[in-house]
Amino acid sequence: MLRDAIATFDNPETRRGSRIQSAAKEILAQAAQFDRWGTLALMDISLRYRRTVIGPLWITLTLAATIASVGTVYAALFKQDIAGFLPSFAVGLIVWTLVATTLQEGSNIFVASGHLIKAVPAPLIVHVLQMIARNVLIFAHHLLIIVMLYAVIPWPLHWTTLLVLPGFAILLVVLLGGAVALGMLCARFRDIGSAIVSGLQFVFFLTPVIWTEDSVRGTAFAWLTRVNPFATLLDLVRRPLLSQPMDAEQWLLGLTYALATAAVGLVCYAKYRRRVAYWL
């Protein structure tokens, strides 16, 4: 029996399953300690904008100016009704800012936190959760733009607006899994971080942010809204906020993306979290 137990322990699949289970427990345990990484995120924002009057609202004001100027110009170029185009563009750009910022910072999170990782024996997932919490807090500031836009250009609100909560939860799972995987990949291969920044700029123009799905419907580019996962994730938040209908296929795709990225992030975290300190 001792020989069987040793053989079971030496089985690579058993060790792999044990590592994944241990990593999952560590992620869930740290995610439950919201007061820890939430406080760190607040401190990070406070230190970044210390000695300023309105703090992170400077980012919100800059984004609001971009939405007002670029949205007006593109509505005229695409011959769109500004009352219908501007809310879609505003929500899309706000959500895209969260996605792009989180993935860019996530790809560099372990490199940027290298001095803390080597000095403080804390789980690596804490740094990722702190970064995501910081970006979500800034995203919450950006929601003021939507409130002000609604006061100027109101649109119908229905009970389906509450679907923004599960849609945003799916988006956060994707961002968490993606940030963990990209962070470990870029800690090992530093050049990939620059490729991610360039790639996100390219994907931005392939995602219906500055253009609408209606403008490409019936054209050769209509497939972009179906094969582009960022378009689906964007709609999971944007459409409920604008009281626009969502079909079951989009929810199914969103859940699929969330499960896939969560699985990839978990496997990467389980396999490489003890090696990251040696890569920094």
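Residues numbered from 1 in each chain as written. Predicted model: local features only at pLDDT ≥ 70, side-chain atom pairs only at ≥ 80, totals over all residues. Heavy atoms only, no water.

Re the packing of helix α5 (residues 82–107) against helix α9 (residues 164–188)
In step 1: In contact at an axis separation of 7 Å, α5 and α9 are set at 25° when each is read in the N-to-C sense. On the basis of the axis angle, α5 is roughly parallel to α9. As α5 packs across α9, the resulting crossing turns out to be right-handed. Where α5 abuts α9, its residues V95, L98, V99, T102, L103, G106 and S107 lie against F168, L171, L175, G178, A179, L182, G183 and C186.
In step 2: By residue class, the composition of the contact of α5 with α9 is 10 nonpolar, 5 polar and no charged. (Axes fitted to C-alpha atoms, helices over the stretch in contact; angles between N-to-C directions. Helix = DSSP H or I, 4+ residues; strand = E, 2+ residues; numbered from the N terminus. Parallel < 35°, antiparallel > 145°, perpendicular 65-115°, else oblique. Left-handed = near helix turned anticlockwise from the far one by under 90°. Contact = heavy atoms within 4.5 Å. Nonpolar A, V, L, I, M, F, W, Y, C, P; charged D, E, K, R; others polar.)

Considerations on the packing of aromatic side chains
The way to describe two aromatic rings as a pair is by their centre distance and the angle between their planes.
In step 1: Summed over the entire model, instances satisfying the criterion amount to 8 aromatic pairs.
In step 2: Residues F34 and W37 carry aromatic rings whose centres are separated by 5.0 Å and whose planes lie at 85° to one another, so their mutual orientation is edge-to-face. Remark: W37 and F34 occur in helix α3 (residues 34–48); sequence separation between them is 3 residues, near one turn of the helix.
In step 3: Between the aromatic rings of W96 and F204, the centroid separation amounts to 5.7 Å while the plane-to-plane angle is 50°, which identifies the pairing as tilted. (Phe/Tyr/Trp six-rings, centres within 6.5 Å; stacked < 30°, edge-to-face > 60°.)

Details of unusual backbone geometry
In step 1: Of note in this structure, S243 is not a glycine but carries a positive phi near 60°.
In step 2: Relative to the helices and strands, S243 is located in the loop between α13 (229–241) and α14 (248–272).
In step 3: Note on S243: relative accessible area 15%, which makes it buried. (Buried < 20%, exposed > 50% of the residue type's maximum accessible area, 1.4 Å probe, protein only.)

Side note on the pattern of salt bridges
In step 1: With the rule as written, the count across this model stands at 5 salt bridges.
In step 2: A salt bridge links E26 to R273, with the shortest nitrogen-to-oxygen separation between them at 3.7 Å. Placement of the pair is E26 in helix α2 (residues 12–32) and R273 in the loop between α14 and α15 (276–279), with a sequence separation of 247 residues.
In step 3: D235 is the salt-bridge partner of R238, the closest N and O atoms lying 3.3 Å from each other. Of the two residues, R238 and D235 are both situated in helix α13; the distance of 3 residues between them amounts to about one turn of the helix. Summarising the burial analysis for this pair, R238 and D235 share the class buried. (Salt bridge = Lys/Arg side-chain N within 4 Å of Asp/Glu carboxyl O.)

Some words on α13
In step 1: Over its 13 residues, α13 extends 19 Å from the first C-alpha to the last, a length consistent with the 18 Å expected when each residue adds 1.5 Å.
In step 2: Taken as a whole, α13 carries its principal kink of about 35° at D235.
In step 3: Of all 13 residues that make up α13, 11 are buried, and the element is covered over most of its length.
In step 4: All of the buried residues in α13 are A231, T232, L233, L234, D235, L236, V237, R238, R239, P240 and L241.
In step 5: At the N-terminal boundary of α13, the capping side chain belongs to N228, with an oxygen 3.0 Å from the backbone nitrogen of F230.
In step 6: A positive phi of about 60° marks S243, the residue just after α13. (Expected span 1.5 Å × (residues − 1). Bend = angle between axes of the 7 residues up to and from the residue. Polar contact = N/O pair within 3.5 Å; in protein donor to acceptor, adjacent residues only side chain to side chain.)

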